[in-house]
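Residues per chain, in single letters:
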Amino acid sequence: MSDTIKTRLESLRKIMKENGVSAYYINTADFHNSEYVSEYFKVREYFSGFTGSNGSLVIMQEEAGLWTDGRYFVQAEKELSGSGIDLYKMGEEGVPTIEEFIEKKLGNGDIFAFDGRTVTAARGKVFRKIAKKKGFSLEVKNDLTEEIFERPAFPLSKAEVLSNELAGETALSKIKRLRERLKKEGAASIFITSLDDIMWLFNIRGNDVEFNPVLMSYAYISMESAYLFIQKGSVTDELKDAMDKAAVLIKDYDDVNKFLKNEDFSKGDVLLDPNQVNYISYKRIKKNAEVIEMRNPTTEMKAVKNETEKANMRKIYLKDSVQLTRFIREITENIGKVPMTEMSVSDRLEEYRREIPEFRDLSFTTISAYGANAAMMHYAPSDENPVEIKAEHMLLIDSGGQYNGGTTDVTRTIVMGELTEEEKKCFTLTACSMLNLLNVKFLYGCTGRNLDIIARERMWNEGMDYKCGTGHGVGYILNVHEGPQNIRWKAVENEAVLEEGMDVSDEPGVYKAGKFGIRTENILLVKKGVHTDDGQFMEFENLTMVPIDDRGIDRSIMSERELSYYIAYQTAVCAALKDSLSEDEYNWVRKYAGIA
């Protein structure tokens, strides 16, 4: 593969030279800054060989570098080996950012190029600022890779309209609330490009992006009108009827650029999210309008689940937990008796999920990682490189499903044989970290940064850390990674307060390169706790009802409080599962949870 990548880079460098381009930037995004992209947009993967969901590539004539985050350090080192591409570990001490790299490398007369349709306005403006400072120019209108990368068909699927029993609020009501927010912010209109925001706003879904039930689309909402830009092939009679009821005009997806050029923006400012809108669209709007740059109000509105959504999520998470528990029983009872590989158990878990009537699809590629492979946070098994699972070590399964009723995400590390003292200690620390956060009480107004230490303290006290955040939001029949809420210790711009109705993952872990990886992940709902003279206190409701493997727990290193949390959690899970299991299954799960 490394020779193939070198050949592709050589071809691209030839085109760069012909166009006078000194450095070419390829990120991981479509025209909507989606986290997961369809095959049509996997340009960075094509030219680097790196298959992770987050990575940016900078190519120059004599060197190339790939930047990715801590989830992918081990994986990237492996996949980039022999390609001639240097790995830059984002956030690590002494590692330059992409911006620092190009500022150092480029100067007068150089040209820095990228496809302005796939780079956000925020990043494009930073590049423009550096270019002005260093005297080089930007080229953003041409995709230099199109002569080399043979794109598959542009993604296209039919629109689905959610029933009120699933959505809990009409599109008309959501648009009305959005207009109220726009008025509050002093905006006359909003241009939205993030696909999950658009799907949420109009109560529609699709299948244009793998794992994410979305449609390629844009939206423009003013005080007088609402437009949905969508491919003609996605439009159905059901969609037409639903949009008529919501007073939304349907326009062709490819007409958006013409619309932005010709629309009369004289009635007031246009609100847009520079971290979502692509640089080309941003420049077009800026030519004709005053712009308010801030986070999409729809992102915050979407993150707070309504009562219908929460009720459906509770049902779906229980069904998902039942099937995952049954799967765990099957593989633990058959290990050493029936041949198993990382891929075969991943496929088997999908079969269990497909038995759930509301199942639509997986919510991401299942991470089925055995032994040392689990140290790669986003490892993906394959049939081409089968890894046998034996009656030893541990198996990490990070998986989830898309259902009509919710989106799930859960990780369990399963003991397959005798553990070393180190493995058992790390397994226990991980469980304690997850449970400590699950049980925390906090004052309203806290963000995830206030809470991250609750999970991470146990690790930090041992001089350990996991190179990722502790938690992310989860969509509702939408993207498995959702903002603005998160739990991480590093400061981010415009941090979101944890509101009642938001959901967030709780997933600490330990990753020892070349040895093992452990992660325990539950999804939590933010809810109100007690209200006292000191204010409104908040807490979490647990959605994930999957037991922790008691064989990995060393109770002697747990504090009295941690042990009580552990016993209470295992007991509550067994009680929640009881009515969905046979008597034999229930007896097994109690033993597995260590409370039999």
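We now turn to the structure provided with this report.

### Description of the overall build of the protein
Consideration 1: Along the protein, the regular secondary structure elements total 18 helices and 28 strands.
Consideration 2: In terms of overall dimensions, the protein is globule-like: its C-alpha atoms have a radius of gyration of 25 Å, near the 25 Å expected for 596 residues.
Consideration 3: Taking the principal axes of the C-alpha coordinates as reference, the protein spans close to 70 × 55 × 50 Å.
Consideration 4: Split into buried and exposed, the 596 residues of the protein put 58% on the buried side.
Consideration 5: By sequence separation, contacts in the protein at least 24 residues apart represent 70% of the contacts at least 6 residues apart.
Consideration 6: Per element, the accessible surface of the protein, about 24800 Å² overall, is 46% carbon and sulfur.

### Re helix α8 (residues 195-202)
Consideration 1: In terms of burial, α8 is a largely internal element, 8 of the 8 residues being buried.
Consideration 2: Considered for burial, the residues of α8 that qualify are Leu-195, Asp-196, Asp-197, Ile-198, Met-199, Trp-200, Leu-201 and Phe-202.
Consideration 3: Following α8 by one or two positions, Asn-203 has its phi on the positive side, about 60°.

### Topic: a positive patch on the surface
Consideration 1: On the surface, Arg-128, Lys-132, Lys-141, Lys-261, Lys-283, Lys-286 and Lys-287 cluster together into a patch of positive charge.
Consideration 2: Taken together, the elements giving at least two residues each to the positive patch come down to α5 (121-134) and α11 (279-288).
Consideration 3: Sort the elements by how many residues they give to the positive patch and α11 lands first, with 3 residues.
Consideration 4: Tracing the sequence through the fold places Lys-141 in the loop between β6 (137-139) and β7 (160-161).
Consideration 5: The exposure class of Lys-141 is exposed, given its relative accessible area of 69%.

### Thoughts on the pairing of strand β28 (residues 535-542)
Sheet faces and side chains relate simply in a regular strand, where the side chains alternate between the two faces.
Consideration 1: By the criterion of burial, β28 is predominantly enclosed, with 7 of the 8 residues buried.
Consideration 2: With 7 bridges connecting them, strand β27 (residues 522-532) and β28 associate as antiparallel partners. Bridging across to β28, His-531 finds its partner in Gln-536.
Consideration 3: Between β27 and β28, which pair antiparallel and follow one another directly, the connecting turn spans 2 residues.

### As for the packing of aromatic side chains
Each aromatic ring pair is summarised here by two numbers: the centre-to-centre distance and the angle between the ring planes.
Consideration 1: A full pass over the atoms with the stated rule returns 34 aromatic pairs.
Consideration 2: Both rings, one in Tyr-25 and one in Phe-114, keep their centres 6.4 Å apart while their planes meet at 90°; by these two values the pair is edge-to-face. Of the two residues, Tyr-25 is situated in strand β1 (residues 23-26) and Phe-114 in strand β5 (residues 111-114); the sequence distance between them amounts to 89 residues.
Consideration 3: Taking the relative accessible area as the measure of exposure, Tyr-25 reaches 3% and is therefore buried.
Consideration 4: When its relative accessible area of 0% is taken as the criterion, Phe-114 is described as buried.
Consideration 5: Plain terms: the ring middles of Phe-327 and Tyr-352 are 6.4 Å apart, the flat faces sit at 75° to each other, and that makes the pair edge-to-face. Residue Phe-327 is located in helix α13 (residues 307-334), and its partner Tyr-352 is located in helix α14 (residues 342-354); the two are separated by 25 residues in the primary sequence.
Consideration 6: Residue Tyr-352 is classed as buried on the basis of its relative accessible area of 9%.
Consideration 7: Sitting over the face of the ring of Tyr-46, Arg-8 holds its NZ or CZ atom 3.8 Å from the ring centroid.
Consideration 8: Sitting over the face of the ring of Tyr-466, Arg-456 holds its NZ or CZ atom 4.0 Å from the ring centroid.

### Some words on a nonpolar patch on the surface
Consideration 1: The grouping of Ile-453, Trp-460 and Trp-489 at the surface amounts to a nonpolar patch, some 290 Å² of accessible area in total.
Consideration 2: Along the chain, the position of Ile-453 falls in helix α16 (residues 448-460).
Consideration 3: Using a relative accessible area of 34% as the deciding quantity, one classes Ile-453 as partly exposed.

### Remarks on the environment of Met-313
Consideration 1: Relative to the assigned elements, Met-313 resides in helix α13.
Consideration 2: When sequence neighbours within four positions are dropped, the list of residues in contact with Met-313 reads Lys-305, Gly-405, Gly-406, Tyr-476, Asp-503, Leu-525 and Leu-543.

### Looking at the pattern of salt bridges
Consideration 1: Summed over the entire model, instances satisfying the criterion amount to 39 salt bridges.
Consideration 2: Note that Glu-39 and Lys-42 form a salt bridge whose closest N and O atoms lie 3.1 Å from each other.
Consideration 3: Glu-330 is the salt-bridge partner of Arg-348, the closest N and O atoms lying 2.9 Å from each other. Remark: Glu-330 occurs in helix α13 and Arg-348 occurs in helix α14; sequence separation between them is 18 residues.
Consideration 4: For Glu-330, a relative accessible area of 24% translates into the label partly exposed.
Consideration 5: Residues participating in the shared-partner salt-bridge network are Arg-181, Arg-295 and Glu-300.

### Some points on the sheet that holds strand β21 (residues 442-443)
The pairing of strands in a sheet happens through backbone hydrogen bonds and is either parallel or antiparallel.
Consideration 1: If you trace the 4 strands from one edge of the open sheet to the other, you get β21-β28-β27-β24, paired in antiparallel fashion. Looking at the sheet topology across the chains shown, the edges are occupied by β21 and β24 (503-506).
Consideration 2: Sheet analysis places β24 next to β27, joined by 4 bridges and oriented antiparallel. Its bridge partner lying in β27, Asp-503 is registered against Leu-525.

### Section: the sheet that holds strand β19 (residues 406-407)
Consideration 1: Overall, antiparallel pairing links the 3 strands, which are arranged β15-β18-β19 in an open sheet. Each having just a single partner strand, β15 (359-362) and β19 make up the two edges of the open sheet.

### Observations concerning helix α18 (residues 583-593)
Consideration 1: When α18 is considered as a whole, its buried residues turn out to be Glu-585, Tyr-586, Trp-588, Val-589, Tyr-592 and Ala-593. Taken end-on, α18 shows its buried residues confined to a sector of 160°, consistent with a single buried face. Residues Glu-583 and Lys-591 are exposed on α18 and point more than 90 degrees away from its buried face.
Consideration 2: For α18, the elements touching its buried residues are α13, β20 (410-415) and α17 (560-577).
Consideration 3: Remark: Gly-594 follows α18 within two positions and exhibits a positive phi of approximately 80°.

### Regarding the packing of α17 against α18
Consideration 1: For the pair α17 and α18, interaxial distance at closest approach is 10 Å and the crossing angle is 170°. Between α17 and α18, the interaxial angle falls into the category roughly antiparallel. Within the contact between the two elements, α17 uses Tyr-566, Gln-570, Cys-574 and Leu-577 and α18 uses Tyr-586, Val-589, Arg-590 and Ala-593.

Analysis parameters
- Residues numbered from 1 in each chain as written.
- Predicted model: local features only at pLDDT ≥ 70, side-chain atom pairs only at ≥ 80, totals over all residues.
- Heavy atoms only, no water.
- Helix = DSSP H or I, 4+ residues; strand = E, 2+ residues; numbered from the N terminus.
- Rg over C-alpha atoms; globule rule 2.2 N^0.38 Å.
- Buried < 20%, exposed > 50% of the residue type's maximum accessible area, 1.4 Å probe, protein only.
- Contact = heavy atoms within 4.5 Å.
- Areas by Shrake-Rupley, 256 points an atom, 1.4 Å probe, with all protein chains shown as cover.
- Patch = residues over 30% accessible without salt bridge, like charges linked within 9 Å, V, L, I, M, F, W, Y side chains within 5 Å.
- Salt bridge = Lys/Arg side-chain N within 4 Å of Asp/Glu carboxyl O.
- Lys, Arg positive; Asp, Glu negative; His and termini not counted.
- Charge placed at Lys NZ, Arg CZ, Asp CG, Glu CD.
- Pairing = 2+ DSSP bridges.
- Phe/Tyr/Trp six-rings, centres within 6.5 Å; stacked < 30°, edge-to-face > 60°.
- Lys NZ or Arg CZ within 6 Å of the ring centre and 35° of its normal.
- Arc of directions from axis to C-beta.
- Axes fitted to C-alpha atoms, helices over the stretch in contact; angles between N-to-C directions.
- Parallel < 35°, antiparallel > 145°, perpendicular 65-115°, else oblique.

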